[in-house]
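Tertiary structure, described
Letter by letter, the chains look like this.
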Amino acid sequence: MEDERKDGAYGTPQKFDPTFKGPIYNRGCTDIICCVALLLAIVGYVAVGIIAWTHGDPRKVIYPTDSRGEFCGQKGTKNENKSFLFYFNIVKCASPLVLLEFQCPTPQICVKKCPDRYLTFLNARASSNIEYYKQFCVPGFQNNKGIAEVLRDGDCPAVLTPSKPLAQRCFPAIHAHKGVLMVGNETTYEDGHGRRKNITDLVEGAKKANGILEARQLAMRIFEDYTVSWHWIIIGLVIAMGMSLLFVILLRFLAGIMVWVMIVMVILVLGYGIFHCYMEYARLRGEAGSDVSFMDLGFQTDFRVYLHLRQTWMTFMIILSILEVIIILLLIFLRKRILIAIALIKEASRAVGCVMCSMLYPLVTFLLLCLCIAYWASTAIFLSTSNEAIYKIFNDTVCPVAGKTCNPETFSSSNESHLCPSARCQFAFYGGESGYHRALLGLQIFNAFMFFWLANFVLALGQVTLAGAFASYYWALGEPDNMPAFPLFSAFGRALRYHTGSLAFGALILAIVQIIRVMLEYLDQRLKAAQNKFAKFLMTCLKCCFWCLEKFIKFLNRNAYIMIAIYGTNFCTSAKNAFFLLMRNIIRVAVLDKVTDFLFLLGKLLVVGSVGILAFFFFTHRIRIVQDTAPPLNYYWVPILTVIVGSYLIAHGFFSVYGMCVDTLFLCFLEDLERNDGSAERPYFMSPTLKKLLNKTNKKPVES
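The residue numbers shown here count from 1 along each chain, following its written sequence. A pLDDT threshold of at least 70 governs which residues receive local features in this predicted model, and a stricter bar of 80 or more applies before side-chain atom pairs are shown or counted, although totals over entire chains, interfaces and linings include all residues. Excluding hydrogens and water, the side-chain figures rest on all heavy atoms present in the structure.

Cut-off, in case you're wondering: UniProt positions are given in the numbering used here, feature names are shortened, and annotations may be inferred rather than shown by experiment.
Named according to an unreviewed UniProt entry, the chain is Choline transporter-like protein originating from Chrysochloris asiatica. Per UniProt, the chain has the following entry under Function (unreviewed entry): "Choline transporter." Under the UniProt heading Subunit (unreviewed entry), the note attached to the chain is "Interacts with COCH."

Written out as structure tokens, the structure is:
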């Protein structure tokens, strides 16, 4: 197999250097300006975090606030023993003002407990329930006004309804009785003027609360499933870890057999799928309604209906047949390339065996990423809660000053209260007019940008570290004795000491593209209501272009980091050399590299599929390890999906090391082909298997 391109538009091949024996140790610092920029950005990021932590108050996210902006249930406040927020008129929460101000235009107070009975203010005033009712009135209510005055001034709610707490807020306890929606045991309620109204009006106003209640019930059931199945989930993840490790160990000794076994298994699985679809298609022949087409049936929310149609199984059978044919044709035409990919995997197995601690390095990357995520999330929360309480004028009728800011302490004696006697000054939202508050959006963007930059830097550090360790193996002629004593730690030290700037440069480019994509997504969400088709088309094109650009930069950065680990050059030089080297061998890159990625994907799917099937049969009580081991669940898919996602992440962690090893050995392999010719002075460094596949040999030195 000859090189695709020797020179020309993509640079000249590497020349033979008799002193080159692998990763260069005598190297200097690269991209110092970017290193300084990263350090200054980190200092600024820490300063932003300190400012956010100084002004922010996470209690605004956790605890509800009353109409005066005071927390409910927070220790050290006058509402310390009042943990729940009560709305005077929940119906007004359906007002469009809620979408504009993020606050219901009705008085809200903190209470010790939610109402547990149906009661009107009129009935409470005429009976002995007024003391119970007063706890749901504004603080300091003395009951020395007339009924009309109390309701006009908003001192007390017109009616109490049985409520349940949800997220420390009181929402009507809605349920169905004989097909009728009810709150408590009532179907009607009495307003403050003695008129009976249908409870449906109250239900309509509380639909949002009901939807949240259903979501809460779902969340609680999922939480219950986790509490009874968490130990089995951990066992499933341990099994996934064991299978991944076993797969890696077997690859070291049986890479060729396992790769072909995986390929044959995929072909057999697809073949069985085709057979099963045909059997279902034949079984439905003659059944009533099975010949109905998709167009006639239309869209159905219960997807199981489609399994009773012959057309469904015919569609599945055609799709699986096409996939089967494509895979078989690829195997026929890419057989030689697959053999080379297998040789690379075997070589990677030996390299990982010599640098076994590399399998643990993903834990370091994971911990550093968790640190970045934790700092970003905490800073974002403190920034979003560093606003001040803003009070606005709310009124049920037309009022010229409605919506203006106000001071609750002086509102009763202000001109606004005289213009609109029924208006109220209540807490609206958190904001501010100072320079700091005006800069909050920019600080949030900077916070997101720094998160992308640091996260990409952590990933780049891991790639350079692994590439340096595995490159040491390749250029040592596969002899562990020719390698450094601690190749992984040596590569890690070189990366931090000499190439922090280069890693920061590559991470910066990627972070800029990613933050642009985030801003495009934000603009797309804001423009969804617009009817301008050209703007939507332009936004879609921009999102697609930047997605492709991000993928290309990730690919280029990965190979540039390998060149940095080997030669110690700066980022631009390494990226240029890696790009030209790959373009000079574009067919090998397009085939060998992607075939290897495909084989690793099959390995991940094998691990995830095996553990997922085992979890499915276990949690659905189709198999039992011992008597009644599977716990009773509300939703059996909760632990199954958790095990599947966790298994994929574990398998991805193991195979990411292998993937980096294969990519590193592949670039070293291409460099080896260009630098050397197999003569006694310029011997090949590749393994005997690769030399045999490529019909290359090392000539023995001529004896004098």
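Back to the text.
1. Brief notes about the packing of aromatic side chains
Each pair of aromatic rings is reported with the distance of its centres and the angle of its planes. Let me state the cut-off plainly: By convention, a stacked pair of Phe, Tyr or Trp rings (six-membered ring in the case of Trp) has centres within 6.5 Å and planes under 30 degrees apart, an edge-to-face pair has planes over 60 apart, and any other such pair is tilted. Remark: a charge is flagged as sitting over a ring if the NZ atom of Lys or the CZ atom of Arg is within 6 Å of the ring centre and within 35 degrees of the ring normal.
In total, this model carries 21 aromatic pairs according to the counting rule given. Here the aromatic residues Y45, W53, Y375, F382 and F446 are joined through ring pairs into a cluster of three or more. Over the ring of Y132 we find R117; its NZ or CZ atom is 3.7 Å from the centre of that ring. Residue placement shows R310 over the ring face of Y281; its charged tip is 3.9 Å from the ring centre.

2. Structural notes on the nonpolar core
What counts here: The definition of a nonpolar core used throughout is a set of buried Ala, Val, Leu, Ile, Met, Phe, Trp, Tyr and Cys residues joined through side-chain atoms within 4.5 Å. Exposure is judged per residue with a 1.4 Å probe applied to protein chains only, and the accessible area is read against the type maximum: over 50% gives exposed, under 20% gives buried, and values in between give partly exposed. For the purposes of this entry, the term helix denotes a DSSP run of H or I that reaches at least four residues, the term strand denotes a run of E that reaches at least two, and both are numbered from the N terminus. Note on contacts: a residue pair qualifies if any of its non-hydrogen atoms lie within 4.5 Å across the two residues.
Grouped together as the largest cluster of nonpolar side chains are 99 residues, with contacts concentrated most on W453, F470, Y474, F669 and M686. Residue contributions to this core peak at 20 residues, all from helix α15 (residues 440–474). Apart from residues lying up to four places away in sequence, W453 is in contact with A37, L38, A41, A504, A507, L508 and A511.

3. Things to note about helix α21 (residues 637–675)
Short version of the rule: A helix is expected to reach a length of 1.5 Å times the quantity of its residues less one. The term bend refers to the angle at a residue between two fitted axes, each drawn through seven residues, those ending there and those starting there.
Taking 1.5 Å per residue as the helical rise, α21 with its 39 residues ought to reach 57 Å, and the 55 Å between its terminal C-alpha atoms agrees with that figure. F655 marks the point of greatest bend in α21, at about 25 degrees. Counting buried positions along α21 yields 30 of 39 residues, so the element is predominantly enclosed.

4. Focus: the side chain of S163
Put simply, the rule reads: A 3.5 Å cut-off defines polar contacts: any pair of N or O atoms within that distance qualifies, except that in protein one atom must be a possible hydrogen donor and the other a possible acceptor, and neighbouring residues in sequence count only when both atoms are side-chain atoms.
Within the secondary structure, S163 is located in strand β5 (residues 163–166). Judged by relative accessible area, S163 falls into the buried class, the value being 14%. Among the polar contacts made by the side chain of S163, one reaches the main-chain carbonyl oxygen of T161 at a distance of 2.9 Å. Once residues within four sequence positions are removed from consideration, S163 is found in contact with C114, P115, C170, F171, P172 and A173.

5. Focus: the confidence of the model for the chain
Regions with low pLDDT should not have their predicted coordinates read in detail. Selection rule: pLDDT gives the predictor's per-residue confidence on a scale running from 0 to 100.
Across the chain, the average pLDDT comes to 78, with 80% of residues at 70 or higher. Taken element by element, the chain is modelled with least confidence in helix α3 (residues 97–101), mean pLDDT 44, and with most confidence in helix α1 (residues 32–55), mean pLDDT 92. This stretch, residues 1–7, has a pLDDT under 50; its non-local contacts, to residues over four places away or in other chains, come to 22 contacts. Taken as a whole, residues 97–102 scores under 50 in pLDDT and shows 15 contacts with residues more than four places along the chain or in a different chain.

6. A look at the state of the cysteines
The line we're drawing: In what follows, a disulfide is any cysteine sulfur pair within 2.5 Å.
Scanning the model with the defined rule gives three disulfides in all. A disulfide bridge connects C72 with C110, and the sulfur atoms are separated by 1.9 Å. Handedness of the C72-C110 disulfide follows from its S-S torsion of about -75 degrees: it is left-handed. One end of the pair, C72, is in the loop between α2 (59–62) and β1 (84–87); the other, C110, is in strand β2 (residues 108–111), with 38 residues separating them in the sequence. The buried category is assigned to C72, whose relative accessible area is 0%. Classification of C110 by relative accessible area gives buried; the value is 6%. Counting only cysteine sulfurs, C35 is the nearest neighbor of C29, a cysteine outside any disulfide, at a range of 7.7 Å. Not engaged in a disulfide, the cysteine C545 finds its nearest cysteine sulfur in C544; these two sulfurs lie 5.7 Å apart.

7. Here's the deal with unusual backbone geometry
Phi is positive for D31, which is not a glycine, with a value near 50 degrees. Looking at the element boundaries, D31 is found in the segment before α1.

8. Some remarks on the side chain of E280
As for its position among the elements, E280 is in helix α8 (residues 207–283). A distance of 2.7 Å separates a polar atom in the side chain of E280 from a polar atom in the side chain of R283.

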